[in-house]
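Here are the chains, one letter per residue:
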Amino acid sequence: MKTFFSELFKKANSGFWPIFITLGLLIAGTISVYQNPRSLSAFLTLMLCPLLVYFMKINMKVKVFIGLLLIVVILPVLGIRNIFYLEVIFQMAVFAALALGLNIVIGMAGLLDLGYVAFYAVGAYTWAIFGSKQLSLLHSIPGAAPAGAEFALSPNYFWLFLFLGVGLAALAGILLGLPVLRLRGDYLAIVTLGFGEVIRVLALNLDKPINLTNGPQGITPIQRPPLPPEFILAPIRSLLTPIVGHVPTDAEFYNVFFYFLALIVIMIAILVATRLEDSRIGRAWTAIREDETAAIAMGIPLVKMKLAAFAAGASFAGGMGVLYAANRTFVSPETFSFLQSIGVLTMVILGGLGSIPGVIFGASAVVILNIQVLQNFSLYLSELRQSDAVIPIINFAWKDLSNQLDPAKYQKLVFGIILVVMMIFRPSGLIPAERRKRELVEDKE
Amino acid sequence: MSLLQTTNVVKRFGGLVAVNKMTFSVDEGHIVSIIGPNGAGKTTFFNSLTGIYRPEEGEIMFKDHSLIGLRPDQVSARGISRTFQNIRLFGSMSVIENILVGMHIRLKQNALDALFRSKKFHAEEKEAEQKASDLMEYVGLKNVGNELARNLPYGGQRRIEIARALAAKPTLLLLDEPTAGMNPNETEDAIKLFRRIRDEKGITILLIEHDMRVVMGISEHITVMDYGEKIAEGSPQEIRKDQRVIEAYLGREAASSKD
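To start, this report covers the structure provided alongside it. Counting starts from 1 at the beginning of each chain's written sequence and moves along it residue by residue. Ligands are numbered from 1 and chains lettered from A, in the order in which they are written. A pLDDT threshold of at least 70 governs which residues receive local features in this predicted model, and a stricter bar of 80 or more applies before side-chain atom pairs are shown or counted, although totals over entire chains, interfaces and linings include all residues. Calculated side-chain values reflect all of the structure's heavy atoms, with hydrogen atoms and water omitted.

## Side note on the overall build of chain B
A run of H or I in DSSP counts as a helix once it spans at least four residues, and a run of E counts as a strand once it spans at least two, with each numbered from the N terminus. Across its full length, chain B carries eleven helices and ten strands. In summary, chain B has a C-alpha radius of gyration of 19 Å against a globular reference of 18 Å for 259 residues, a match within 12%. In terms of its C-alpha atoms, chain B occupies a principal-axis envelope of roughly 70 × 40 × 35 Å. Between buried and exposed lies partly exposed: a residue is buried under 20% and exposed over 50% of the maximum accessible area for its type, with that area taken using a 1.4 Å probe on protein chains only. For chain B, with 259 residues in total, the buried portion stands at 54%. Here a residue-residue contact requires only that any non-hydrogen atoms of the pair lie within 4.5 Å. Taking as baseline every contact in chain B between residues at least 6 positions apart, the subset at least 24 positions apart corresponds to 65%. Of the charged side chains in chain B, 35 are positive and 35 negative, and the gap between their average positions amounts to 4 Å. Atoms counted for the radius of gyration: C-alpha only. Globule rule: 2.2 Å times the number of residues to the power 0.38. Here Asp and Glu are counted as negative and Lys and Arg as positive; His is not counted, and neither are the chain ends. Positions of charges follow a simple convention, taking NZ of Lys, CZ of Arg, CG of Asp or CD of Glu.

Shown next, in the form of structure tokens:
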């Protein structure tokens, strides 16, 4: 049976088959999502395409073309028909960037960081404080904001703060790194866990003595960067109107806009991660992970390299944090709980520690599972609950099913199951890390 | 003149004096051995030289500069490379990457070069790769550059460790029991390799070794340690006849009954 499948796969992955299959799936997926914007299976079919594009043996130029077609044309258009998809992809991008950053710290340098989400919070709160009315509310009691408060900065400052968020998060990474340099393994994990909690509790309590974070209520509204000017939007709007069936609103354009922003950030993140990995710095990180003593004996400056890993990892989260704050127009300490750190860790472990394509896949899979598959399952169950259907044989009426059994509440259970199952059966992840094969002169002999 | 000179180096672990007043020197271009029974403090002495431990007392001079207080990476940058008693390769990195890690201090690229893939970066990486390939061939490894280091047989791993140490372009190479666990043929090859490293590359070698054939075969100078102290030094012929050395190895009674 196994050989049958591997033979089948080999056949499907040679000659013209890959292009046929990929294009076929792309077209089928596009049409079915277009027809049934709410169908989960249609969306999953479409989401298989990027995987195929990545794994199939296709000419590089064709790959890039299909990828661009999917990303630049198909997804935004379909996204305007069902705005939820852009939200899903936005979240996938956010978590993929977080997973890529955490992957540098844990996967490459081997430093177990359980408080990673703190850096995300640093980025988010950076823009939240300066991009909202919070600066003029510093001396007022949370929740009792005077009516005439002004935004402190113009929304255009968002772009500057995108970079500031990256820098501040990197700085926070170094601050965390300094005291934990001598720690390894479990000790390091505990300290980083504490650090994550400290940042969250700071966000929760810095509404006194001056109201910096607005405490548990969070900060809102946070400004969004302005949309591109009308002379660019107008032609796109008239082009899209017949395709999506209505005149796209500004809200929908904002979704597309953030979708592209998130894509740009994730592209940069991927570029930075791959290039760092395949350089002197990346090799030093891996060496530290493999054997710290041997690494320092080989002349690797441990302090500098560990701090660099913390800073680089944190900077990804910082950038995405700024973007997240602008997208949601709201941040609160809730978002940056310990469980969120574990969630990102789950994505990294599911995809494969140290594997860049792996962690992106891991992040996408967990996001789809959490906000799509479980949600859909919940909807289905609640429909059953409202119907008069009965499970045959055991004679159990669906409407007697307890509300506690709502799959949407199982997020944490899913994290747990993924961690346990992966550690036992596939500790190196679904797409394990591979070392780059070099073309060596001596190998050609 | 001596390349490495230690004076009264003391290293204690709590009450235990692991290295006691070691005064010792290595001349440039020599192959020098440290021998001694298990637990004599040889490896601790090595670790004190390379900055992994900081000795409590004494002075270590290398090329007329003190090494005391330097971190291991700084010691490595000064030109001392080492291998380990238990092989310590970066197991899930490829063989060639292991050697490239050894070049870390000799590479000039920074993060920006790596991010923007500057010309300098490409040129340096290519050159480094070439040098690493050459080193692999030098230590007698072929067509294994892309293998994971942990997948190589024992003898091969020992060779990678030496190639990795050579990659840092040392003037002094410290080998900690380099032939431990080798069969006679492999040992023979290893001895030849050490000679070549000294003769062709002009690298001074200091080794800890248990195998007397190796020690007597290639060392120009031998220092014997026991209970953390130097008990004898001299040429292989002198060491062979030294009463204290025979006692240290065989025990006092066995040594006297031999007479």
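From this point, the discussion proceeds with the structure in view.
## Topic: the pattern of salt bridges
A side chain with one charge may pair with a side chain of the opposite charge, provided their charged atoms come close. Residue and element names in this part refer to chain B. By salt bridge we mean one thing: a side-chain nitrogen of Lys or Arg within 4 Å of a carboxyl oxygen of Asp or Glu. Tallied over the entire structure, the rule returns 29 salt bridges over all chains. For E161, the salt bridge identified is with R158, shortest N-O distance 4.0 Å. Note that E161 and R158 are positioned in helix α6 (residues 154-167) at a spacing of three residues, about one turn of the helix. E161 sits in the buried class, given a relative accessible area of 1%. Accessibility expressed as a relative area gives 4% for R158, which makes it buried. Ionic pairing is found between R196 and E200, a salt bridge with its closest N-O pair at 3.6 Å. Within this pair, R196 and its partner E200 are both found in helix α7 (residues 184-201), separated by four residues, close to a single helical turn.

## Here we look at the packing of aromatic side chains
Here the distance between the centres and the angle between the planes together describe a pair of aromatic rings. Any two of the Phe, Tyr and Trp rings considered here, Trp counted by its six-membered ring, make a pair once their centres fall within 6.5 Å; the pair's planes then place it as stacked at under 30 degrees, edge-to-face at over 60, or tilted in between. Within the structure shown, the criterion is met by 20 aromatic pairs over all chains. Ring geometry for Y125 of chain A and F336 of chain A: centres 6.1 Å apart, planes at 55°, overall tilted. Here Y125 of chain A, found in helix α6 (residues 117-130), pairs with F336 of chain A, found in the loop between α13 (302-328) and α14 (338-351); they are 211 residues apart in sequence, far enough to count as distant. Here the two residues Y125 of chain A and F336 of chain A agree in accessibility, since each one is buried. Look at W127 of chain A and F158 of chain A: their rings are 5.7 Å apart centre to centre, the planes differ by 75°, and that puts the pair in the edge-to-face class. One end of the pair, W127 of chain A, is in helix α6; the other, F158 of chain A, is in helix α7 (residues 157-180), with 31 residues separating them in the sequence. Ring pairs connect the aromatic residues F90, W127, F130, F158, W159, F161, Y254, F257 and F258 of chain A, which therefore count as one cluster. Put simply, a charge is over a ring when the Lys NZ or the Arg CZ is close to the ring centre, within 6 Å, and near the line of the ring normal, within 35 degrees. Its end group placed over the ring of Y254 of chain A, R224 of chain A keeps NZ or CZ at 4.8 Å from the ring centre. Across the ring face of Y138 of chain B, the terminal group of R196 of chain B is positioned such that the distance to the ring centre comes to 4.5 Å.

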